Amino acid sequence: MSTGHIANLGYFKIPEINNEPLRNYEPHSNDRIKLQEALKDLIKKAPIEIPVFVNGEEIFTGKIQEQRNPSQHAITLAKYHEADSALIQKAIKGALAAKVQWEAMSFNDRAAIFLKAADLTAGKYRYKLMAATMLGQGKNIWQAEIDAAAELIDFWRFNTKYAQDIYQQQTPKNSPGVWNRVEYRPLEGFVYAVTPFNFTAIGGNLPSAPALMGNVILWKPSPGAILSNWIILEILREAGLPDGVLQFVPGPAIEITEEILKSRDFASLHFTGSTQVFKKLFKDIGNNIDIYKSYPRIVGETGGKNFHVIHKSANLQNAVNQTIRGAFEYQGQKCSACSRAYVPDSLWEGFREKLLIEHSKIKVGPVEEFTNFMGPVIHKASFNKIKSYIDWASSDPDSEIIAGGHYDDSTGYFVQPTIIVTKDPKSKTMTEEIFGPALTVYVYKADEYEQILDVVNETSNYALTGSIFAQDRAAIVTGENKLRNASGNFYINDKSTGAIVGQQPFGGSRASGTNDKAGSANLLYRFVSIRSIKENFINIEGFDYPSNVS
């Protein structure tokens, strides 16, 4: 008799998991040569045509949009076909059909797919995926290495470990003649994954984390990361992911989302993007709540107004270097980028001098020129937004631009790293998310450290990341306590960016998201629905209890 399940003939343990070693791409190294070849190959092949991918079928709809190279916006890197409402309906139906076998597949076989994908990314696809991330998303070598290679690999490997640990968590007690068990079922329906432009690894993790737990996914990639995301799908297909499990549906966000959110089988939103869009989706899901088969799980990470607080006991050079990295790596386009800093007046002159010295060393230009520390911002809309904040600061009587302040979009979307000093701790550039290379500094009285911590905590609606720099342990403890709810990732004597899978689970609360912590088992719990099973081995002889005896 067929049960529809796969026999489990052993309890398997996944291989030992470690973080992917980072490569340095030194001049004349084999890694650098291969990456240069991959960059040349993608440039030569551009524009690359990318279809919708549904039920294992590449669909060329004829409704085409472009992904341009932000370093040279006249160059089209990819042309991608867009899905419409009819294709979304087809994708939902196909995903639900695929779910039957996918959720019944043993965890060992599902895990093997993602472990193989990690190995493919570490080797065969490393340079191709990095090149797509550099050219399409404006990352330099190092930023592409830590994202498109290392972090994506770490997500796929560590998630399998976390999943294994979850499945092994069972009830500790069984009554005589009873066997209790716990099942971690995939959600009933499908997951909608909406991914951002700024991290290729997030593009891979948002659809694959729920898929690992037996779910099926409709994946809407960001227009700014289409090429790298398509390569991720290519990797997963080669690794053996069955057709229908992951439906790749680029296209108009409003049309796609409306079609998805009116489906009775919508089970979860897995989102990274802007706060405004996430709030809108949250409201729309609430308004549709009577439609759904189950209460949808909403998992989201949005923006941040991340801080560095320097105490008078801080090591000055470290605080400066970490602030330069935290504010200007990847052009300030990390959700965790430092955009506000608080410096005591007792250190300000020395901090300012060292900050300007290090700032003067920053090179800005095309990512293909490997000595550039910064590349372009992602597109015209982002360029214009950042420009508007710089222009505002240049005219604000309480603000002074002490470095940068220049921008040029004639060839690519380049913004110079900009440092603003303000007299107002609640100024526009201290409170609003800019998502670009703009850092605002407020100088506070050194003996008012505790008061400035209150200002830091109350200034922003966001609570994603933040750092304090101090050598005085009492100052560190005070900062930890007073800023307990000001960030989901809190750093001591380190920059506000750079969370590593398996080391610092990532996510924030308040307006920054649901804080479900990507890179941890906690995230995977959001995509399972637990069933408790009790099996009784001993038949009862009657229905009454001893207490019923007269």
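Our subject in this report is the structure included herewith.

Criteria and thresholds
- Going along each chain's sequence as written, the residues are numbered from 1 onward.
- Reporting of local features is limited, given that this is a predicted model, to residues whose pLDDT is at least 70; pairs of side-chain atoms are given and counted only at 80 or more, and all residues count toward the totals for whole chains, interfaces and linings.
- The side-chain numbers reported here are obtained from all heavy atoms of the structure, hydrogens and water having been left aside.
- By the criteria applied, helices consist of DSSP H or I runs no shorter than four residues and strands consist of E runs no shorter than two, each listed in order from the N terminus.
- Note on exposure labels: buried denotes an accessible area under 20% of the residue type's maximum, exposed denotes more than 50%, and partly exposed covers the range between, all computed with a 1.4 Å probe on protein chains only.
- Here, two residues are considered to be in contact whenever any of their heavy atoms come within 4.5 Å of each other.
- Methods summary: accessible areas were calculated by the Shrake-Rupley approach with a probe of 1.4 Å, and residue burial reflects only the protein chains presented.
- His is not counted here, nor are the chain ends, while Lys and Arg score as positive and Asp and Glu score as negative.
- Just so you know, the charge point we use is NZ for Lys, CZ for Arg, CG for Asp and CD for Glu.
- Between Lys or Arg on one side and Asp or Glu on the other, a salt bridge is scored when a side-chain nitrogen of the former is within 4 Å of a carboxyl oxygen of the latter.
- Candidates for patches are residues over 30% relative accessible area with no salt bridge; among them, like charges are joined within 9 Å and nonpolar side chains (Val, Leu, Ile, Met, Phe, Trp, Tyr) within 5 Å.
- Here the axes come from fitting lines to C-alpha atoms, over the contacting stretch only for helices, and the angles between their N-to-C directions go from 0 to 180 degrees.
- Roughly parallel covers angles under 35 degrees, roughly antiparallel covers those over 145, roughly perpendicular covers 65 to 115, and oblique covers all other angles.
- Each crossing gets its hand from how the near helix is turned against the far one by less than a right angle, where anticlockwise is left-handed and clockwise is right-handed.
- Ten residues, namely Ala, Val, Leu, Ile, Met, Phe, Trp, Tyr, Cys and Pro, are considered nonpolar, four, namely Asp, Glu, Lys and Arg, are considered charged, and the remaining ones, Gly among them, are considered polar.
- The disulfide definition used here is simple: a pair of cysteine sulfur atoms within 2.5 Å.
- In protein, a polar contact requires one atom able to donate a hydrogen and another able to accept it; more generally it is a pair of N or O atoms within 3.5 Å, and residues adjacent in sequence count only if both atoms are side-chain atoms.
- Pairs of strands are assigned from DSSP output, requiring at least two bridges between the strands.
- In this scheme Phe, Tyr and Trp rings, the latter by its six-membered ring, pair at centre separations within 6.5 Å, and the angle between planes marks the pair as stacked below 30 degrees, edge-to-face above 60, and tilted otherwise.
- A ring has a charge above it when a Lys NZ or an Arg CZ is no more than 6 Å from the ring centre and no more than 35 degrees off the ring normal.
- For a helix, the expected span equals 1.5 Å multiplied by the residue count minus one.
- Regarding the arc, it is the one traced by the directions from the helix axis to the C-beta atoms.

1. Brief notes about the overall build of the protein
Okay, so step 1: The number of helices and strands found in the protein is 16 helices and 23 strands.
Okay, so step 2: Each principal axis of the C-alpha atoms in the protein carries an extent, and together these give about 85 × 70 × 50 Å.
Okay, so step 3: The buried share among the 550 residues of the protein stands at 56%.
Okay, so step 4: Summarising the internal contacts of the protein: among those between residues at least 6 apart in sequence, 78% fall at separations of at least 24.
Okay, so step 5: Approximately 23,700 Å² of the protein is accessible, and the part contributed by carbon and sulfur atoms is 50%.
Okay, so step 6: Separation between the mean location of the 58 positive side-chain charges and that of the 60 negative ones in the protein comes to 2 Å.

2. Quick look at the pattern of salt bridges
When their charged atoms lie close together, side chains carrying opposite charge are able to pair.
Okay, so step 1: Under the defined criterion, the tally for this structure stands at 27 salt bridges.
Okay, so step 2: Residue Glu-57 pairs with Lys-90 through a salt bridge whose shortest N-O separation is 3.2 Å. Of this pair, Glu-57 sits in strand β3 (residues 57-59) while Lys-90 is found in helix α2 (residues 85-104), placing the two residues 33 residues apart along the sequence.
Okay, so step 3: Taking the relative accessible area as the measure of exposure, Glu-57 reaches 39% and is therefore partly exposed.
Okay, so step 4: The partner of Glu-145 in a salt bridge is Arg-126, and the shortest N-O contact between them spans 2.7 Å. In this pair, Glu-145 is assigned in helix α5 (residues 141-168) and Arg-126 in helix α4 (residues 126-137), connecting sequence segments 19 residues apart. Of the two residues examined, Glu-145 and Arg-126, each falls in the buried class.

3. Description of a nonpolar patch on the surface
Okay, so step 1: A surface patch of nonpolar side chains, amounting to about 340 Å² of accessible area, comprises Trp-179, Phe-537 and Ile-538.
Okay, so step 2: Note on placement: Trp-179 falls in strand β6 (residues 178-186).

4. Points about the packing of helix α3 (residues 107-122) against helix α6 (residues 200-212)
Okay, so step 1: At a minimum axis separation of 10 Å, α3 and α6 run at an interaxial angle of 160°. As the angle between them shows, α3 and α6 are arranged roughly antiparallel. The two elements α3 and α6 cross, and the hand of that crossing is left-handed. Note on element contacts: α6 touches α3 through Ser-208, Ala-211 and Leu-212, opposite Phe-107, Arg-110, Ala-111 and Phe-114.
Okay, so step 2: When grouped by side-chain class, the residues that make up the contact of α3 with α6 number five nonpolar, one polar and one charged.

5. Some thoughts on the side chain of Lys-517
Okay, so step 1: One can find Lys-517 in the loop between β22 (509-510) and α16 (521-525).
Okay, so step 2: Buried and unpaired, Lys-517 has no salt bridge, with Asp-516 as the nearest side chain of opposite charge at 10.0 Å.
Okay, so step 3: Excluding its chain neighbours within four sequence positions, the residues that come into contact with Lys-517 are Gly-488, Asn-489, Pro-505, Phe-506, Gly-507 and Leu-523.

6. Topic: the state of the cysteines
Okay, so step 1: Under the criterion given, the structure shown has zero disulfides.
Okay, so step 2: Distance from the sulfur of Cys-338, which forms no disulfide, to the nearest cysteine sulfur (Cys-335) is 15 Å.
Okay, so step 3: Classification of Cys-338 by relative accessible area gives buried; the value is 1%.

7. Structural notes on the side chain of Ser-520
Okay, so step 1: Within the secondary structure, Ser-520 sits in the loop between β22 and α16.
Okay, so step 2: Separated by 3.2 Å, the side chain of Ser-520 and the backbone nitrogen of Asn-522 make a polar contact.
Okay, so step 3: In this structure Ser-520 touches Tyr-162 and Pro-505, once residues within four positions along its chain are discounted.

8. Considering the sheet that holds strand β18 (residues 438-444)
Okay, so step 1: With mixed pairing, the seven strands of this open sheet are ordered in space as β14-β17-β18-β13-β12-β20-β21. Sheet topology places β14 (399-403) and β21 (489-492) at the edges, where each strand pairs with a single neighbour. Taking the axes of each pair of neighbouring strands and ignoring which way they run, one obtains an average angle of 20° across the sheet.
Okay, so step 2: Two elements, strand β17 (residues 418-422) and β18, share five bridges in a ladder whose sense is parallel. Bridged to Ile-420 within β18 is Thr-440.

9. Examining the sheet that holds strand β1 (residues 48-50)
Okay, so step 1: Across the sheet, three strands lie side by side as β1-β5-β4; this open sheet has mixed pairing. Two strands bound the open sheet, and with one partner strand each, they are β1 and β4 (64-69). Strand-to-strand twist in this sheet, taken as the mean axis angle between neighbours without regard to direction, amounts to 35°.
Okay, so step 2: When β1 meets strand β5 (residues 72-81), the two strands line up parallel, connected through three bridges. Note that in β5 the partner of Ile-48 across the bridge is Ala-78.

10. Describing the packing of aromatic side chains
Okay, so step 1: Within the structure shown, the criterion is met by 15 aromatic pairs.
Okay, so step 2: Between Tyr-184 and Tyr-525, the ring centres sit 6.5 Å apart and the planes meet at 65°, which makes this aromatic pair edge-to-face. Here Tyr-184 is found in strand β6, whereas its partner Tyr-525 is found in helix α16, with 341 residues between them in sequence.
Okay, so step 3: Under the relative-accessibility criterion, Tyr-184 is labelled buried at 10%.
Okay, so step 4: Judged by relative accessible area, which is 26%, Tyr-525 ranks as partly exposed.
Okay, so step 5: On the basis of an interplanar angle of 50° and a centroid distance of 6.2 Å, the ring pair of Phe-383 and Tyr-413 is categorised as tilted. With a gap of 30 residues between them, Phe-383 in helix α12 (residues 380-395) and Tyr-413 in the loop between β15 (407-408) and β16 (414-415) connect regions that are remote in the sequence.
Okay, so step 6: By relative accessible area, which is 3% here, Phe-383 ends up buried.
Okay, so step 7: By way of ring pairs, the aromatic residues Phe-53, Trp-219, Trp-230 and Phe-248 are connected into one cluster.
Okay, so step 8: Above the ring of Phe-199, the side-chain terminus of Lys-139 is found at 3.9 Å from the ring centroid.
Okay, so step 9: Looking at Arg-181, its charged tip hangs above the ring of Trp-179, at a distance of 4.2 Å from the centre.

11. Quick look at α12
Okay, so step 1: Compared with an ideal rise of 1.5 Å per residue, which puts 16 residues at 22 Å, α12 spans 23 Å between its outermost C-alpha atoms and is within 8% of the ideal.
Okay, so step 2: Among all positions of α12, only Ser-382, Phe-383, Ile-386, Tyr-389, Ile-390 and Ala-393 are buried. Buried residues along α12 cover an arc of 130° about the axis, so they all sit on one side. Exposed residues pointing more than 90 degrees away from the buried face of α12 are listed as Ala-381 and Ser-395.
Okay, so step 3: In the core, the buried residues of α12 are packed alongside β14, β15, β16, β17 and α13 (428-431).

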